[in-house]
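Chain by chain, the residues run as shown.
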Amino acid sequence: MAGTAMDTWLASRAEVRIRRGLERTAEARPGLLDLASNDYLGLAADPRVIDAATAALLRHGAGARGSRVVCGTTEAHQDLENQLCLLAGQEAALVFSSGYTANLGVLTALGGPGTLVIHDAHVHASLLDGIRLSRSSTLEVAHHDVAAVAAALASRTQPRAVVVVESIYSVLGDAADLAAMAGLCARFDALLLVDEAHGIGVAGEGRGAVHAAGLAGVPHVSVTATLSKALGSQGGAVLGSALLREHLVNTARTFIFDTALAPAAAAAAARAAMIVRQEPGLALRVLANAAILAGRCGVPLAPGAVQSIPVGSASRAAGLAARLRSQGVAVGCFRPPSVPDGVSRLRLTARANLTAAELEAAAGTVAAALGLGLQGGQA
Ligand SMILES: Cc1ncc(COP(=O)(O)O)c(C=O)c1O
């Protein structure tokens, strides 16, 4: 029997993906040595975090039961927002159900007619989608191009402008020049929106790159964060002024028309944020492990947990990742559309809770797959 027109199209798309080495799967892969996850501090399985989640689960139930503006806000959400403010040094925080919805929410609430949004070419899909949905005038600048941002701000005709960067870029692992970007935003009366998904918990002894740069609480700098990476839980947040928070509560569609984050996830993230603040050594351990990983894999050290190894074609990246999987090591495999054509990469993440033996075994396996010798040079 002939399939529907949609089935025919789906099958043809699948065939193209397989031919180009772009096929993705979503399978459980237990038992691998993990150099792929974003649980940078190992807090997802920390007993203190699990205890906090369990207590909230028993107290509030499995789900939040409604939007934050109806009946979904619990003490767990309020406690989490306080803990995030303490950690990042911000006046106010608003928790969303994910980092993705936080980015969509803040950009659609700030953008629109009268706002120019300037963004780095490498910002995350959630930021790009938020920018598109906001229907703002938009300008993409080359990665780290501070001069292009300055030129765009200097010649803008819109009354408001937002500059969007990531503190530590999710795929390349490199860092934005926050001081330069914030300086421009102050000079041209624009808002710098920094996605700290990979900065919170890792940079600035865990308090984030914005805090480390002395920009926490500065009026023209706001932050978005995810609770699903170094904080080991689930959810996202926007941090900045109380005025911004109040605007988002009233206008951010992904806040108003979305069921609140599950209270257990909120309580887990709140406990994790407290641990990060009280134990700065955790973040330092990530950086120490990252240095070992980068050295063994022959790549320049990136400033956070993410170490990125360019390997060329999508097929080579997929082949290397599959080979490593078969040898017991999980690595990230980034291919188009996550990266441009021809620069597919393996993405390795250093975690604070990797033992020296695990780190050595994992890095050695990756180095061997890349054809590197013991010291990280070509064999
Ligand atoms: C830079 C960046 N922003 C936002 C997100 C989305 O966060 P979440 O997974 O909490 O939706 C991610 C996650 O992949 C990310 O890397």
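For the structure itself, look to the data block above.
Residues numbered from 1 in each chain as written. Predicted model: local features only at pLDDT ≥ 70, side-chain atom pairs only at ≥ 80, totals over all residues. Heavy atoms only, no water.

Some points on the pattern of salt bridges
When charged atoms on two side chains of opposite charge get close, those side chains can pair. In the structure shown here, the tally under the stated rule is ten salt bridges. A salt bridge links Glu-81 to Arg-245; its shortest N-O distance comes to 2.7 Å. Of this pair, Glu-81 sits in helix α4 (residues 75–88) while Arg-245 sits in helix α10 (residues 242–251), and the two are 164 residues apart along the sequence. In this structure Glu-81 comes out as buried when scored by relative accessible area, which is 5%. Through salt bridges with shared partners, a single ionic network connects Asp-46, Arg-48 and Glu-279. (Salt bridge = Lys/Arg side-chain N within 4 Å of Asp/Glu carboxyl O. Helix = DSSP H or I, 4+ residues; strand = E, 2+ residues; numbered from the N terminus. Buried < 20%, exposed > 50% of the residue type's maximum accessible area, 1.4 Å probe, protein only.)

Overview of helix α7 (residues 146–154)
Looking at α7, one finds that the buried residues are Val-149, Ala-150, Ala-152 and Leu-153. Around the axis of α7, the buried residues are gathered within 165° of arc, so they sit on the same side. Among the exposed residues of α7, those pointing more than 90 degrees away from its buried face are Ala-147 and Ala-154. Buried residues belonging to α7 abut β3 (115–120), β4 (137–141), β5 (160–166) and α8 (178–187). Two or three places before Ala-147, at the start of α7, stands the capping residue Asp-145, its side-chain oxygen 3.4 Å from that residue's backbone nitrogen. (Arc of directions from axis to C-beta. Contact = heavy atoms within 4.5 Å. Polar contact = N/O pair within 3.5 Å; in protein donor to acceptor, adjacent residues only side chain to side chain.)

Description of the sheet that holds strand β1 (residues 33–35)
One open sheet accounts for four strands, arranged β1-β10-β11-β9; its pairing is mixed. Only two strands of the sheet have a single neighbouring strand rather than two, namely β1 and β9 (306–312). The mean inter-strand angle of the sheet, taken between neighbouring strand axes irrespective of direction, is 30°. Here three bridges tie strand β10 (residues 329–334) to strand β11 (residues 344–349), and the two strands are oriented antiparallel to one another. Along β11, the bridge assignment pairs Phe-334 with Arg-345. Packing of helix α15 (residues 356–369) onto the sheet brings it into contact with β1, β9, β10 and β11, and relative to β1 it is tilted by some 70°. (Pairing = 2+ DSSP bridges. Axes fitted to C-alpha atoms, helices over the stretch in contact; angles between N-to-C directions.)

Some points on the nonpolar core
If you look at the biggest cluster of nonpolar residues, it comprises 85 residues, and the most contacted ones within it are Leu-80, Leu-84, Leu-153, Val-163, Val-165 and Leu-192. For this core, the leading source of residues is helix α12 (residues 263–278), giving eleven residues. When neighbours within four sequence positions are excluded, Val-165 is seen to be in contact with Val-123, Ala-176, Leu-178, Met-181, Leu-192, Leu-193, Val-194 and Asp-195. With 26 residues, the next largest nonpolar core counts Val-329, Val-331, Ala-369 and Leu-370 among its residues. (Core = buried A, V, L, I, M, F, W, Y, C linked by side-chain atoms within 4.5 Å.)

Purely geometric stuff here, so don't read any function into it on its own.
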